Amino acid sequence: KDLIGSGRDRTPNALVQVAVIDPREQYLVSQACTEIVEGSRDPLFLTGVTFPPEYPASPETLVKLTVYDVRDKARDNSSFLGSATFSVSDLLRSKDDQLTLNLRSSDGVLAVGTVLVSRVNMGEMEEGDMDHITADVQQCTLVCESSQGTPIDKDNSPLTGAVFKNPVCKVYKFQTVDSKWMLVREQMEECTLSFSIPRQLLHLYIQEDMRRIQELRDLGELSPHWDNLRKEVIGRYGQVIAAYQETLAELNKITGPSFKPSCSKAQRYLEFIPINLHTQRMRVTCPRQTDAFYDVITVGAPAAHFQGFKGGGLQRLLSRHEAEKKSFSTAYQCIYYSPEHTAKAQEVLHSVGHLQPLISGLADQLLQAAQQHSMAGLREALKTLAGKTEQFVHALKDELVKSALLALHTAQPGYVTKNQNQTLPGHQGHSHQDHLSPSQRGQQGQSPPQNPGHSPGQPSATDSPVVVCNNVDGGSQTAPIREDGQAPLKRQDSIPCHKEYDEEEWDRVWADVAKSLNCVIAMVDKLQEQEPINNNQEQPIPKQVLADVITSHNPEGDWREQLCPLVVRLKECVAEVVVRARRAMTFVLLQEAACSIPQGLFLKQRRDVVFSQALAALACGFVMRLYAGMEDKGFLRQLHLVGLVAQFESLLSTYSEEIGMLEDMEVGISDLHRVAFKITQAKTDDPCDLQPVVIGRRDHYTVEVPLPRLAFQTLPHEIKEGKALQVYPVLFNVGINEQQTIADRFGDISLQERINQRNFEILDSYYKSLSDKVPSECLPCFQTQMDLKDLLGTLGQNVVTKKRKNVEILWLAGTICRRLNGIRFTSCKSAKDRTSMSVTLEQCALLRDEHQLNKDYFIRALDCMRREGCRIENVQKNIKCRKYAFNMLQLMAFPKIYRPPEGTYGKVDS
């Protein structure tokens, strides 16, 4: 108190800088800085100093407080007023955990005021403690958080330490409406998953593409036309693999911080790494209340920043490419396959590859049970075998497989269509194109025919009984066009005719699997009939009526000998089906790749990049939410019954290159629906064994999250059994900067409107599913009593309302997400400037709505967090400067509540 200003009759704008002096090293380390309290000789500071448990402080450590008079906030112009020094042991031994120190001038002679230092422990505040922190508001009060941990220290547990690193902590005290005081602690951390998830994904991408190359080679001999296309597709895959291997090698060299700074967003080798991924937790301690925790994950918009946005983002590029594919498919004599057909082909490939070894292993278990004469084991093995075999047969019950087998047959050398010599007069045949690769055609500027190709299973009215011949001679020239515009069919009399394709052959091969299984079931039934009934509890398997079952066998012979031929036949039938199905589906993917080279693979790479960033962020958020909810039975029940909503808040504008970022982000967030999570028991409690692991392929990934044994044992049975845990990603976007002002007045905001409307429908559907399956008691309790259904109704009205910069959409979506136990994300281009404004606003709104923050302290609290909180530290980490990247003209376009305090922004590289 009684501060003396730096000028005559001047009331100081006080600020306190805190530094730590290590007595052994004898040098100053800057630790923290308070906010500026303007025009007061007796300032009351809301910002404190935190010493986290890992900080190497000892009782001998000295703390130096330096008070400045800030003359010009915009230019950082300040004058020294005085300083004071104390040791940690002085504070620990002080009465009522308070020290009153005299501030001395630079020569140590003149007293320029006093400062009161208070020590507190988060989570151990009683009402009396809250009162005495600022019992005399005429004191220059500074709060110091103790390094002593608390029994429920979620911020610094060994569990979080395995995945979250390098914490930055800030502490504040704010007054409530009833004149009490709350303590607020911010903690921001990096996440090891920023790099580990992209590394794992790159490894999986490489493996998947190498498998695809091998599958293409396994197609066997193809006609010159298709063989040339196959070679080009394999070459393109090889280029992608080489690029991914190079990127992975560079990533493996990186050590140091666990985040990618915003200034590196366009670096090639870092394009798979999310930008500026951090977690932030706000912890609130109030009198006679349990501590409250509020988490948010901040990350730069998942987008292909290195590749740029000149042609737009993924949403626009994919739509344009899909339209072009229909034309190119006819030009290159391919069947057009929709994205749904392509996805189905990939699903069939995965299913047969996954189920064949399972069926083979179960068949061996059946024989082992037979050898042991264990009827119970035999029946159990048969039950599982029958289930997996039926699943296998069901996966192949699709017209796509049948039509693809025919297409593959026509692509083999020497194939002649069944009715080639019976072509009706006037039938429009397919012209024979020059055998240039798709990329060569593009270089020569030839336009593909505009008539679209046909989707499998959807023959058009003009399709005649003539089977399309995909077998084009690689050395032929373009056939002359007749005067009537029709391309004559080329004579192939010199090519030996293969036997006609039997369309029913696939049905027979496919049905042989079921028949072989029925034979095995019938044999087990007969073996059971021979077995003396000495166990009344055993129930016989229902009899199967078969036409071709083996009816005679040696009743006294060995069970294994009698079952072995049938089991071998089953495995052979399955293997034959797998070979045919795998070749057919690979040919589907070859045709899809052939008519989309090279643009299709470029888009796949772009999608891989965006998905990698999005998945790293999602995995980080899931792990943080899981760790925080380990003791919440309602949350764990919701987790395995329905899953969690992951709500991404975006502040991108719908103008210039940011519209391309938003188009990338929309596809990347949507692709997260292909991800599931599974909780596993870690091998050990070592941090290396607690790192999440990604498995799967592009159309479906599973993230396995290991927990220490003791923590794993507390989980519900369903989660411990390995149930897949679903996540429902939703994205809401509202642009707030000056570019959004241009878009609102002169541009197009339909992308933003469509995103918000579509994702509201997903969120509403999730809420309905949650209401049906999970009791409301499982959801968290909040002070604000507005019903979830009413909040959703208000959000629904806002997303269809034509209103510029309607940030209420973001506020409502965030509130609903927290009410639903969801995972909160906030993004802008770099998660540094606009994101900081949004995160600090949300934190202060939570303090106001949930903890009765005094309305007179709302703006002060907001300025404290923006000026000296974790977000300005995030800016410092990214660009080595404590300035938000705004200028005055930009901020004039911002909603007022999103503007930073004076002196915290300026023109800087972002």
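Residues numbered from 1 in each chain as written. Predicted model: local features only at pLDDT ≥ 70, side-chain atom pairs only at ≥ 80, totals over all residues. Heavy atoms only, no water.

K.L.:
What's the story with the packing of aromatic side chains in this structure? I'm lost.
P.N.:
Between two aromatic rings, the relevant description is the distance of the centres plus the angle of the planes. Across all of its chains, the model carries 14 aromatic pairs by this definition. For the ring pair Tyr728 and Tyr766, a centre distance of 5.3 Å and an interplane angle of 50° mean the geometry is tilted. One end of the pair, Tyr728, is in strand β17 (residues 725-733); the other, Tyr766, is in helix α19 (residues 750-773), with 38 residues separating them in the sequence. Three or more aromatic residues joined by ring pairs make a cluster, and in this case those are Tyr205, Tyr244 and Phe272. In this arrangement the basic side chain of Arg674 is found over the ring face of Phe611, its NZ or CZ atom lying 4.8 Å from the centre. Lying across the ring of Phe259, Lys877 places its NZ or CZ 4.8 Å from the centre. (Phe/Tyr/Trp six-rings, centres within 6.5 Å; stacked < 30°, edge-to-face > 60°. Helix = DSSP H or I, 4+ residues; strand = E, 2+ residues; numbered from the N terminus. Lys NZ or Arg CZ within 6 Å of the ring centre and 35° of its normal.)

K.L.:
Would you mind showing me how to read the side chain of Gln843 here?
P.N.:
Along the chain, Gln843 turns up in helix α22 (residues 834-851). The buried category is assigned to Gln843, whose relative accessible area is 5%. A polar side-chain atom of Gln843 sits 3.0 Å from a polar atom in the side chain of Gln280. In this view, Gln843 contacts Glu186, Gln280, Met282 and Met865; residues no more than four positions away in its chain are not counted. (Buried < 20%, exposed > 50% of the residue type's maximum accessible area, 1.4 Å probe, protein only. Polar contact = N/O pair within 3.5 Å; in protein donor to acceptor, adjacent residues only side chain to side chain. Contact = heavy atoms within 4.5 Å.)

K.L.:
Explain the pattern of salt bridges here, please?
P.N.:
Pairs may arise between side chains of opposite charge once their charged atoms sit close together. Taken as a whole and judged by the stated rule, the model has 36 salt bridges. Between Asp209 and Lys604 there is a salt bridge, and its shortest N-O distance comes to 3.2 Å. With Asp209 in helix α4 (residues 193-217) and Lys604 in helix α13 (residues 599-628), this residue pair connects regions lying 395 residues apart in the sequence. Under the relative-accessibility criterion, Lys604 is labelled buried at 17%. (Salt bridge = Lys/Arg side-chain N within 4 Å of Asp/Glu carboxyl O.)

K.L.:
How should the nonpolar core be read in this particular structure?
P.N.:
One recurring pattern in soluble globular proteins: nonpolar side chains tend to sit buried together. Ranked by internal contacts, the top residues of the largest apolar core, which has 99 residues, are Phe622, Phe677 and Ile679. Looking at this core, the element that brings in the most residues is α13, giving 17 residues. (Core = buried A, V, L, I, M, F, W, Y, C linked by side-chain atoms within 4.5 Å.)

K.L.:
What should I look at first to understand the packing of helix α9 (residues 399-410) against helix α12 (residues 559-594) in this one?
P.N.:
Packed helix pairs are characterised by how far apart their axes lie and by the angle those axes make with each other. Contact geometry for α9 and α12: axes closest at 8 Å, N-to-C directions at 75°. By the angle between their axes, α9 is roughly perpendicular relative to α12. Every residue of α12 that contacts α9 at Leu400, Val401, Ala404, Leu405, Ala407 and Leu408 is listed here: Arg580, Arg583, Ala584, Met585, Phe587, Val588 and Gln591. For the contact of α9 with α12, the residue count by class is 10 nonpolar, 1 polar and 2 charged. (Axes fitted to C-alpha atoms, helices over the stretch in contact; angles between N-to-C directions. Parallel < 35°, antiparallel > 145°, perpendicular 65-115°, else oblique. Nonpolar A, V, L, I, M, F, W, Y, C, P; charged D, E, K, R; others polar.)

K.L.:
Is there a simple way to explain the pairing of strand β11 (residues 278-285) in this structure?
P.N.:
Put simply, side chains in a regular strand alternate between the two faces of the sheet. In terms of residue burial, β11 counts as a mostly covered element, since 8 of its 8 residues are buried. With burial as the criterion, each face of β11 is covered, one bearing His278, Gln280, Met282 and Val284 and the other bearing Thr279, Arg281, Arg283 and Thr285. For strand β10 (residues 181-191) and β11, the ladder comprises 8 bridges, and the chain directions are antiparallel. Opposite Glu186, over in β11, you have Met282 as the bridge partner. Pairing of β11 with strand β12 (residues 292-298) involves 7 bridges; the strand directions are antiparallel. Bridging from a neighbouring strand, Arg283 pairs with Phe293 of β12. (Pairing = 2+ DSSP bridges.)

K.L.:
Before we go on, may I ask you to explain the sheet that holds strand β15 (residues 693-697) in this structure?
P.N.:
In a beta sheet, neighbouring strands are held together by backbone hydrogen bonds and run either parallel or antiparallel to one another. Overall, mixed pairing links the 10 strands, which are arranged β9-β10-β11-β12-β18-β13-β17-β14-β16-β15 in an open sheet. Two strands in the sheet have a free side with no partner beyond their single neighbour: β9 (164-175) and β15. Within the sheet, the average angular offset between the axes of one strand and its neighbour, ignoring direction, is 25°. Each of β12, β13 (644-650), β17 and β18 (823-827) touches helix α21 (residues 808-819); the most contacted strand, β13, lies at about 160° to it.

K.L.:
What is the right way to look at the pairing of strand β4 (residues 62-72) in this model?
P.N.:
Pairing between strand β1 (residues 14-21) and β4: 8 bridges, direction antiparallel. Paired with Val16 across the strands is Val67, a residue of β4. Hairpin connection from β4 to strand β5 (residues 77-87): 4 residues lie between these consecutive antiparallel strands, with Asp76 at a positive phi of about 55°.

K.L.:
Any chance you could explain unusual backbone geometry here in plain terms?
P.N.:
Glycine aside, the phi torsion of most residues is negative, and most peptide linkages are trans. Unlike most non-glycine residues, Asn276 shows phi in positive territory, near 50°. Mapped onto the elements, Asn276 comes out in the loop between α5 (224-252) and β11. A positive phi is found at Ser656, a non-glycine position, where the angle reads about 60°. As for its position among the elements, Ser656 is in the loop between β13 and α15 (657-671).

K.L.:
I would appreciate a short explanation of α4 in the present structure.
P.N.:
Owing to its 3.6 residues per turn, the α-helix brings residues three or four apart onto one side. A rise of 1.5 Å per residue sets the reference length of α4, with its 25 residues, at 36 Å; its end C-alpha atoms lie 36 Å apart and thus fit the reference within 8%. Across the 25 residues that make up α4, a large majority, 18, are buried. (Expected span 1.5 Å × (residues − 1).)

K.L.:
Help me understand helix α8 (residues 375-395), please; the structure alone is not making it clear to me.
P.N.:
The end-to-end C-alpha distance of α8, which contains 21 residues, comes to 30 Å, matching closely the 30 Å that a straight helix rising 1.5 Å per residue would cover. Within α8, burial applies to Met375, Leu378, Ala381, Leu382, Leu385, Ala386, Thr389, Phe392, Val393 and Ala395. Contacts from the buried residues of α8 go to α7 (339-371), α11 (505-530) and α12.

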